[in-house]
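A structural walkthrough
Each chain is listed here by its residues.
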Amino acid sequence: MPDADPPAQLAAELASAIIELAPDGILVVDADGTIRFANPAAGAVFSCPHRALVGMAVESLLPERVRPAHVQHRADYEAAPRPRPMGVGLDLVALRADGTEVPVQISLSPAHLGASTGTIAMVREMTEQRVQEQLSRMHMLIEERDRIAAALHNRVIERLFSAGMGLQSVLRIANSRIAASLGEAVDQLDQAIHEIRHTVFTRTVAVTDGPGADGPGAGGPGRFRPPPATPARPAAPDAPDR
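This structure is a prediction, so every number in the text was calculated from the model and none was measured.

Cut-offs applied
Residues numbered from 1 in each chain as written. Predicted model: local features only at pLDDT ≥ 70, side-chain atom pairs only at ≥ 80, totals over all residues. Heavy atoms only, no water. Helix = DSSP H or I, 4+ residues; strand = E, 2+ residues; numbered from the N terminus. Buried < 20%, exposed > 50% of the residue type's maximum accessible area, 1.4 Å probe, protein only. Contact = heavy atoms within 4.5 Å. Areas by Shrake-Rupley, 256 points an atom, 1.4 Å probe, with all protein chains shown as cover. Pairing = 2+ DSSP bridges. Core = buried A, V, L, I, M, F, W, Y, C linked by side-chain atoms within 4.5 Å. 1 Å grid on protein atoms, 1.4 Å probe; cavity = no way out; pocket = protein on both sides within 12 Å on 5 of 7 lines; lining within 4 Å. Points joined across faces, edges and corners; volume = space filled by probe spheres on them. Nonpolar A, V, L, I, M, F, W, Y, C, P; charged D, E, K, R; others polar. Salt bridge = Lys/Arg side-chain N within 4 Å of Asp/Glu carboxyl O. pLDDT = per-residue confidence, 0-100. Patch = residues over 30% accessible without salt bridge, like charges linked within 9 Å, V, L, I, M, F, W, Y side chains within 5 Å.

All right, on to the overall build of the chain then. Across its full length, the chain carries 6 helices and 6 strands. The helix and strand sequence of the chain, counted from the amino end, reads α-β-β-α-α-α-β-β-β-β-α-α. Burial analysis of the chain (242 residues in total) assigns 30% to the buried set. The long-range share in the chain, meaning contacts at least 24 apart out of those at least 6 apart in sequence, stands at 48%. Surface accessibility of the chain: about 15600 Å² in total, with carbon and sulfur atoms responsible for 60%.

This is the structure in structure tokens:
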């Protein structure tokens, strides 16, 4: 007769392999806060051989400033154990063997250790994930900035263009002295439009500045230019100044 039930033995071997090969650190901590088991991934998180973690106080894996509070948190959890994430909304950090701190995410589950109880802690290093989250937030901020800049650009350019067209119509009936002043105003509006377009487009998208391009200096849509059929400063007959 075989010494062990094959399905049960296979299940035990699979469970052991899953724990040993798990990408997240796994710690089993007893009611006294002593680490009773650590898998290889836990050793990688804390930068030490995983077997060296066994027998250590779990608080020794935390920065000194949070150890007293953690003792109380651990007691509170043991009084009402349930599977849950640890420190929701908080930035959790662990202490490595070399004294450096690493951001972590921790999930807790109650465990039965023979006649006593304990806690299983799943520890995930968050360094790479945090960098990705920060990059994602940065991209979102950039996209929002660009959206606001584009909206502002469209509104401002539209108003400046409208003002320029209004001045252009006045140029047709103004005498030479007034036409000269209005012409300077038109030039200033044109320069303002050019500068706004340059500022906005160089901060958002790469624009090819060349013939037919709608970019800074291209004279494309949005930049005030009188229609080709109408001279920018039509010659008005000199009228006697009154």
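Following the structure, the description resumes.
A few words on the pairing of strand β1 (residues 25-30). Most of β1 is tucked away, with 6 of its 6 residues classed as buried. Alignment of β1 against strand β6 (residues 116-125), held across 6 bridges, turns out to be antiparallel. Counted as the bridge partner of valine 29 is threonine 119 from β6. As paired elements, β1 and strand β2 (residues 35-38) share 3 bridges and run antiparallel to each other.

So, on to the nonpolar core. Inside soluble globular proteins, nonpolar side chains tend to come together where they are buried. Among the nonpolar cores identified, the biggest contains 21 residues, and Leu27, Phe46, Leu53, Val104, Ile106 and Val123 are the most heavily contacted of them. Every element with two or more residues in this core is listed here: β1, β2, α2 (40-45), β4 (92-95), β5 (101-113) and β6. Element by element, the count of residues in this core is highest for β5, at 4 residues.

To find leftover empty space, a probe the size of one water molecule is rolled over the atoms. Considering only enclosed or pocket space, the largest pocket measures out at about 590 Å³ in volume. Around the largest pocket sit 29 residues that line it, and Leu62, His70, Met86, Leu92 and Ile106 are the ones nearest its centre. Sorting the residues of the lining of the largest pocket by element identifies β1, α4 (67-79), β4, β5 and β6 as the ones contributing at least two each. Considering every element that reaches the lining of the largest pocket, the biggest residue donor is α4, with 6 residues. Taken together, the residues of the lining of the largest pocket break down into 19 nonpolar, 4 polar and 6 charged.

A word on the pattern of salt bridges. Tallied over the full model, the rule gives 6 salt bridges. Residue glutamate 59 pairs with arginine 74 through a salt bridge whose shortest N-O separation is 3.0 Å. Separated by 15 residues along the polypeptide, glutamate 59 in the loop between α3 (50-53) and α4 and arginine 74 in helix α4 bring together distant segments of the chain. Each member of the pair, glutamate 59 as well as arginine 74, is classed as buried. A salt bridge links arginine 74 to glutamate 78; the nearest nitrogen and oxygen atoms lie 3.7 Å apart. Taken together, the positions of arginine 74 and glutamate 78, both in helix α4 and 4 residues apart, correspond to about one turn of that helix. Glutamate 78 sits in the partly exposed class, given a relative accessible area of 32%. Each of the salt bridges in this network shares a partner with another, and the network as a whole consists of Glu59, Arg74 and Glu78.

The subject of this paragraph is the environment of glutamine 168. With respect to the secondary-structure elements, glutamine 168 resides in helix α5 (residues 127-171). Residue glutamine 168 is classed as buried on the basis of its relative accessible area of 1%. Linking glutamine 168 and leucine 182, residues 14 residues apart in sequence, is a C-alpha distance of 8.1 Å.

Here we take up the confidence of the model for the chain. In the predicted model, the chain carries a mean pLDDT of 77, and 75% of its residues have values of at least 70. Below a pLDDT of 50 lies the segment residues 205-242, which in the model reaches 58 contacts outside its immediate sequence neighbourhood of four places, other chains included.

Before going further, it helps to spend a moment on a nonpolar patch on the surface. The grouping of Leu10, Leu14 and Ile18 at the surface amounts to a nonpolar patch, some 310 Å² of accessible area in total. When you line up the elements, leucine 10 lands in helix α1 (residues 6-21).

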